[in-house]
Amino acid sequence: FVDYKTFIREMWKVFSVAVLMVFGSLLCRTTISEFVDRNSAWINKNHTNISCEKLLHEFQNSAKDFTTQIINNAVPVTYCNQSVGPYMIFEESYEALITHVDGKNISCKYKYFNVDRLGVIETMYNQLHSMWEVGFCDDCYANTTTATPSDTTVDFYVYWEHIHKCIEDNNKTGDPCLMCMGQYQKLNDFYDGIKSEKNDRICFDMQDAMNRTRILWSVKLNCCRDRNSSMLTAYIIGGVVSFLPGLFYVFVYCNKRYHERYDFLSDDQDTTVEEVENATRDNAPLIAQDQPGPSGVSPQAHQEITPEKKERHQISDDSDDEMLEVSRNPRKNLK
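As recorded in an unreviewed UniProt entry, the chain goes by the name Putative osteopetrosis-associated transmembrane protein 1, listed as coming from Nyssomyia neivai.

This is the structure:
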């Protein structure tokens with residue numbers, strides 16, 4: 001049999017626990033909500049207290065500092081290593097400017113960006129940001145945010161310092177070309193290796209340092225004497241090879257002119273001989289009649305000159321003149 005008193009007592013305990021749980025959950029929910037609301041209000045209060053004008057002023061100062069660092073480290077180029085701090089502040093100030101919403105729920109990006117065609121703020125940011133990108137400055141660092149240099153950068157500057165210290169120590173007391181050849185070869189081989197590995201996308205600080213070292217080694221110290229002699233030979237061979245095509249075209253032109261002149265003279269000679277032979281053949285009877293005999297007297301010497309004979313002699317003289325004219329100007333008669 002069931003003890004009703006015990007049953008009622010147990011049910012009361014269960015009911016009491018349930019009531020306590022309900023009130024406890026409601027109380028906890030209210031407390032958590034109030035805590036979140038209170039902290040959210042504090043966060044929003046501190047966030048919205050910053051005006052867009054103040055953020056714009058911070059961006060202006062960061063852009064000025066970064067620009068100053070770039071100019072001060074332009075020659076020789078070292079701004080990738082010397083300007084990482086101002087660059088990070090510049091990027092953070094720009095990010096804050098484009099994402100901030102002020103107390104009036106107005107976006108700073110809406111207020112300052114895309115308001116005209118010029119877009120001064122965005123243009124300035126793009127120009128300064130491109131200076132960092134074009135110089136491949138991120139390649140100098142393993143982590144740009146923490147300004148941690150990469151192992152390649154550290155190794156390169158170790159070799160670079162060795163060669164410059166060697167040149168400085170031996171420039172006055174010895175032959176730096178002989179004493180520092182090993183250090184220079186190590187630096188040059190190391191740079192060529194990272195250049196081929198990264199496909200020329202090397203931090204520009206290292207590029208400029210290597211270029212200046214090569215100029216110092218080959219031009220100022222004149223340590224590439226063997227290369228100069230080999231280049232002289234190459235220049236001579238290149239000059240001779242470049243001259244040969246011009247000589248060939250001159251020869252072809254002269255040969256062509258010679259053959260044209262030879263063909264012209266050959267045509268004139270053939271025409272003259274042919275016409276002279278024809279003219280001689282046509283006038284041969286007249287010439288034969290005027291030939292003297294063995295006694296030296298022409299058969300026509302004792303003949304009486306009549307008007308008909310005189311006219312015939314005149315015709316013969318005209319034929320002789322025509323034959324002479326033909327021999328002198330053969331082309332004129334060909335027409």
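From this point on, the discussion continues.
Participant: Break down the overall build of the chain for me, with residues and values.
Facilitator: Helix and strand content of the chain: 14 helices and 2 strands. Among the 335 residues that make up the chain, the fraction classed as buried is 22%. Considering only contacts in the chain between residues 6 or more positions apart, those separated by 24 or more positions represent 66%. Of the roughly 24,900 Å² that the chain leaves accessible, carbon and sulfur atoms contribute 59%.

Participant: Any chance you could break down the nonpolar core for me, citing the residues and the numbers?
Facilitator: Ranked by internal contacts, the top residues of the largest apolar core, which has 45 residues, are Phe90, Leu97, Phe156 and Trp217. Where this core is concerned, the elements lending two or more residues are α2 (52-72), α3 (79-82), α4 (84-99), α5 (108-112), α6 (120-134), α7 (151-170), α9 (181-198) and α10 (204-220). Both domains that furnish three or more residues to this core are identified here as domain 1 (48-135) and domain 2 (151-224). Non-local contacts of phenylalanine 156, meaning those with residues more than four positions away in its chain, are made with Leu187, Phe190, Tyr191, Met206, Ala209 and Met210.

Participant: So, a nonpolar patch on the surface: which residues are in play, and what are the values?
Facilitator: Taken together, Ile236, Val240, Phe243, Leu244 and Leu247 make up a surface patch of nonpolar side chains, about 490 Å² in accessible area. You can call valine 240 partly exposed: its relative accessible area is 47%.

Participant: So what's going on with the side chain of serine 83? Which residues, and what values?
Facilitator: By the element assignment, serine 83 lies in the loop between α3 and α4. Its relative accessible area of 0% is what places serine 83 among the buried residues. In this structure, serine 83 is in contact with Phe66, Gln69, Ile70, Asn73 and Trp132, ignoring residues within four places of it in sequence.

Participant: Explain the packing of α7 against α9 to me, and be specific about the residues and the numbers.
Facilitator: For the pair α7 and α9, the least separation of the axes is 9 Å and the interaxial angle reads 155°. Comparing the axis directions of α7 and α9 gives the class roughly antiparallel. Here α7 runs over α9; the crossing is left-handed. Mapping the contact onto sequence places Thr152, Asp155, Phe156, Tyr159, Trp160, His162, Ile163 and Cys166 in α7 and Gln183, Tyr184, Lys186, Leu187, Phe190, Tyr191, Ile194 and Lys198 in α9. Considering only residue class, the contact of α7 with α9 consists of 10 nonpolar, 3 polar and 3 charged.

Participant: I'd like to hear about the pattern of salt bridges, residue by residue, with values.
Facilitator: Close approach of charged atoms allows side chains with opposite charge to pair. Counted under the stated rule, the structure contains 5 salt bridges. The partner of aspartate 139 in a salt bridge is lysine 198, and the shortest N-O contact between them spans 2.7 Å. In this pair, aspartate 139 sits in the loop between α6 and β1 (141-143) while lysine 198 sits in helix α9, placing the two residues 59 residues apart along the sequence. When its relative accessible area of 17% is taken as the criterion, aspartate 139 is described as buried. Notably, a salt bridge pairs aspartate 208 with arginine 212, separated by 2.8 Å at the nearest N-O pair. One end of the pair, aspartate 208, and the other, arginine 212, are both in helix α10, 4 residues apart, so they sit about a helical turn from each other. Given a relative accessible area of 11%, aspartate 208 falls into the buried group.

Participant: Describe in detail the packing of aromatic side chains, supporting the description with residues and values.
Facilitator: How two aromatic rings sit relative to each other is given by the distance of their centres and the angle of their planes. Within the structure shown, the criterion is met by 15 aromatic pairs. Here phenylalanine 156 and tyrosine 157 contribute two aromatic rings whose centre-to-centre distance is 5.3 Å and whose plane-to-plane angle is 85°, an arrangement assigned as edge-to-face. The residues phenylalanine 156 and tyrosine 157 share a single accessibility class, namely buried. Judged by centre distance (6.2 Å) and plane angle (50°), the ring pair of phenylalanine 156 and tyrosine 191 falls under tilted. In this pair, phenylalanine 156 sits in helix α7 while tyrosine 191 sits in helix α9, placing the two residues 35 residues apart along the sequence. By relative accessible area, phenylalanine 156 is classed as buried at 0%. Residue classification places tyrosine 191 among the buried positions, given a relative accessible area of 4%. Cluster of aromatic residues (ring-pair linked, three or more members): Phe59, Phe66, Tyr87, Phe90, Tyr94, Phe113, Tyr125, Trp132 and Tyr141.

About the thresholds
- Residues numbered from 1 in each chain as written.
- Predicted model: local features only at pLDDT ≥ 70, side-chain atom pairs only at ≥ 80, totals over all residues.
- Heavy atoms only, no water.
- Helix = DSSP H or I, 4+ residues; strand = E, 2+ residues; numbered from the N terminus.
- Buried < 20%, exposed > 50% of the residue type's maximum accessible area, 1.4 Å probe, protein only.
- Contact = heavy atoms within 4.5 Å.
- Areas by Shrake-Rupley, 256 points an atom, 1.4 Å probe, with all protein chains shown as cover.
- Core = buried A, V, L, I, M, F, W, Y, C linked by side-chain atoms within 4.5 Å.
- Domains from an automatic or database assignment.
- Patch = residues over 30% accessible without salt bridge, like charges linked within 9 Å, V, L, I, M, F, W, Y side chains within 5 Å.
- Salt bridge = Lys/Arg side-chain N within 4 Å of Asp/Glu carboxyl O.
- Axes fitted to C-alpha atoms, helices over the stretch in contact; angles between N-to-C directions.
- Parallel < 35°, antiparallel > 145°, perpendicular 65-115°, else oblique.
- Left-handed = near helix turned anticlockwise from the far one by under 90°.
- Nonpolar A, V, L, I, M, F, W, Y, C, P; charged D, E, K, R; others polar.
- Phe/Tyr/Trp six-rings, centres within 6.5 Å; stacked < 30°, edge-to-face > 60°.

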